[in-house]
Amino acid sequence: MTARILVVDDLEPNVKLLEAKLSAEYFDVVTAMNGPDALEIARAEQPDIVLLDVMMPGMDGYEVCRRLKADVETSHIPVVMVTALDQQSDRVASLEAGADDFLTKPVEDLALFARVRGLSRLKIMTDELRRRFETGQDFGLLEHVASEDEPTRRGSVAVVADDLFEFEALETVLSEEFDLTSYQELDPHLSSLRGGGHDVIILDLGLESADSLRLVSQLRSFEDSRFTPVLGLVRDGDLRRLVRALDMGVNDYIARPIDGNELVARMRTQFRRTQSLEQMRAAYHKSLEMAVTDPLTGLHNRRYLSTQMEGLVAEAKKEGSDLSVLVIDIDHFKAINDEHGHDAGDEVLRVFGRSLAASVRGVDLACRYGGEEFVVAMPRTNKEAALIAAERFRADAEALRVKHDDGEPIRFTISVGVASVAPVEDEIDARGASVVTRADQALLAAKRSGRNKYVFADNKSEGEAA
């Protein structure tokens, strides 16, 4: 896996050393010798990771990190602080400034490469979500979601450790901000752990009751836990196990003996990222839903109908089952708008849309086709059943009363065109356009012959209001 790395250090030998190491592992390296240049290059080059020295004259690494994380153009870029400082307070200061990790000079090659690869994988995932989210914003489908600095709820944390005392110690440190659940015995499929809806998993990398690295591999292989952050607990000095864990997908780690302030800072970082990604995923799915939903009635739109008809036709051909389509039009809708106003007309559409949604079966597809016209596609439905449904829709519409600000409730009626096909007997095109066209022609016949009725496409069956 390759990535573009921005190395920031005011000492040229340090820059050259990191550049040589990273280039030898086939990473693309860009460099900066001070904070202002780093900020400018980060905006322009959009690197995958920033390796940032803390001790620089003028603008130190903490301030550069804070500015990177505060800028919407660079806030998603992982930052690793690199410094000769090795006190717990220095680690906490880096994490509180927004850094994703902390490496102490001289940098151990194995730890450096594992960290860069792990953060590169994270960056690929977040970039894909960001692209989808930004596309939704460009089309006006999405609004702002909370940033990583705006937690909106308590976090849920799973702790996988052999020692109950360790769980209790972690709970003492984290309970003010997180709800912890202990997992000392896991089923082979990890279903209890995966089904817990946890925001972060704390995993003892030195488990005696199970192979911790195998657990990481399993978590990353399941769809519902693939992106859940894992924070590893490791014994100080157990570098090879840590490097292996990072390479397999552990997001972050903390060495024993555990410093409470560092643990809290690392957990906040992971939880903020989890929540941000969760909100982007939810917003993206919302944008997909909005793209195929009519905002006024809540029914599917014409675009969705056109994408689904091909599948309904293929299913009917495969099963040899009937497929019926009803095209529905609200009678004299222009007169409703002219007499009562467009707001009242919109309310008529909303009320009828809700009525239609409540009346169709779960397998049926109800859509607003455009204007005051609706379509219902009914799989596994023959002519007789379709005509019964058409009469039900007609009677339900006739019974509706739509309240508005202009006096008496509005009453209205509908006309319905019905068409059915049986693939064993009839020719049917792959996209189902012909059956929709036939139903539309039947609708015109219903309107020409007086409205408030349904007409079947062969013009042999006609139903009128009583």
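Just above, that's the structure.
Everything numeric in this text was worked out from a predicted model, so none of it was measured.

Conventions we followed
Residues numbered from 1 in each chain as written. Predicted model: local features only at pLDDT ≥ 70, side-chain atom pairs only at ≥ 80, totals over all residues. Heavy atoms only, no water. Axes fitted to C-alpha atoms, helices over the stretch in contact; angles between N-to-C directions. Helix = DSSP H or I, 4+ residues; strand = E, 2+ residues; numbered from the N terminus. Left-handed = near helix turned anticlockwise from the far one by under 90°. Contact = heavy atoms within 4.5 Å. Nonpolar A, V, L, I, M, F, W, Y, C, P; charged D, E, K, R; others polar. Pairing = 2+ DSSP bridges. Core = buried A, V, L, I, M, F, W, Y, C linked by side-chain atoms within 4.5 Å. Buried < 20%, exposed > 50% of the residue type's maximum accessible area, 1.4 Å probe, protein only. Phe/Tyr/Trp six-rings, centres within 6.5 Å; stacked < 30°, edge-to-face > 60°. Lys NZ or Arg CZ within 6 Å of the ring centre and 35° of its normal.

J.: Residue-level account of the packing of helix α13 (residues 342-359) against helix α14 (residues 383-399), with values.
T.: Close contact between α13 and α14 brings their axes to 10 Å; oriented N to C, the two are set at 140°. Note that α13 runs across α14; the crossing there is right-handed. On α14, the residues that touch Phe352, Ser355, Leu356 and Ser359 of α13 are Arg392, Phe393, Asp396 and Ala397. Taken together, the residues that form the contact of α13 with α14 break down as four nonpolar, two polar and two charged.

J.: An account of the sheet that holds strand β10 (residues 252-256) is requested, with residue identities and associated values reported.
T.: With parallel pairing, the five strands of this open sheet are ordered in space as β7-β6-β8-β9-β10. For this open sheet the edge positions go to β7 (178-183) and β10, each flanked by a neighbour on one side alone. Averaged over all neighbouring strand pairs, the angle between strand axes comes to 20°, with direction disregarded. As judged from the six bridges shared by strand β6 (residues 155-160) and β7, these two strands associate in the parallel manner. Bridge pairing in β7 places valine 159 opposite serine 182.

J.: Could you give an account of the sheet that holds strand β1 (residues 4-8), naming the residues involved and the relevant values?
T.: Overall, parallel pairing links the five strands, which are arranged β2-β1-β3-β4-β5 in an open sheet. The open sheet has two edge strands with one neighbour each: β2 (28-32) and β5 (101-104). This sheet shows a mean twist of 20° between the axes of neighbouring strands, independent of strand direction. Both strand β3 (residues 49-53) and strand β4 (residues 79-83) contribute to a ladder of four bridges, which runs parallel. By the bridge assignment, valine 50 is partnered in β4 with valine 79. Of the strands in this sheet, β1, β2 and β3 touch helix α1 (residues 12-24), which is tilted by about 170° from β2. Against the sheet, helix α3 (residues 61-70) engages β3 and β4, with an angle of about 175° to β4.

J.: For the nonpolar core, give the residues involved together with the corresponding values.
T.: Counting residues in each nonpolar core, the largest one holds 32 residues, and the members touching the most others are Phe352 and Phe412. Among the secondary structure elements, those contributing two or more residues to this core are β12 (323-330), α12 (333-340), α13, β14 (373-379), α14, β15 (414-421) and β16 (453-456). If we skip the residues at most four places from it in the chain, phenylalanine 352 touches Ile328, Ile330, Phe374, Ala397, Leu400, Phe412 and Ile414.

J.: Which residues make up the packing of aromatic side chains, and what values go with them?
T.: Tallied over the full model, the rule gives three aromatic pairs. Between phenylalanine 352 and phenylalanine 374 the ring centres are 5.0 Å apart and the planes differ by 75°, which places this aromatic pair in the edge-to-face class. In this pair, phenylalanine 352 is assigned in helix α13 and phenylalanine 374 in strand β14, connecting sequence segments 22 residues apart. Classification of phenylalanine 374 as buried rests on a relative accessible area of 0%. On the accessibility criterion, phenylalanine 352 (1% relative accessible area) is buried. Linked through ring pairs, Phe352, Phe374 and Phe412 together constitute an aromatic cluster. Positioned above the aromatic ring of tyrosine 253 is the side chain of arginine 266, whose terminal nitrogen or guanidinium carbon lies 5.7 Å from the ring centre. Above the plane of the ring of phenylalanine 456 lies lysine 383, whose end atom (NZ or CZ) is 4.6 Å from the centre.

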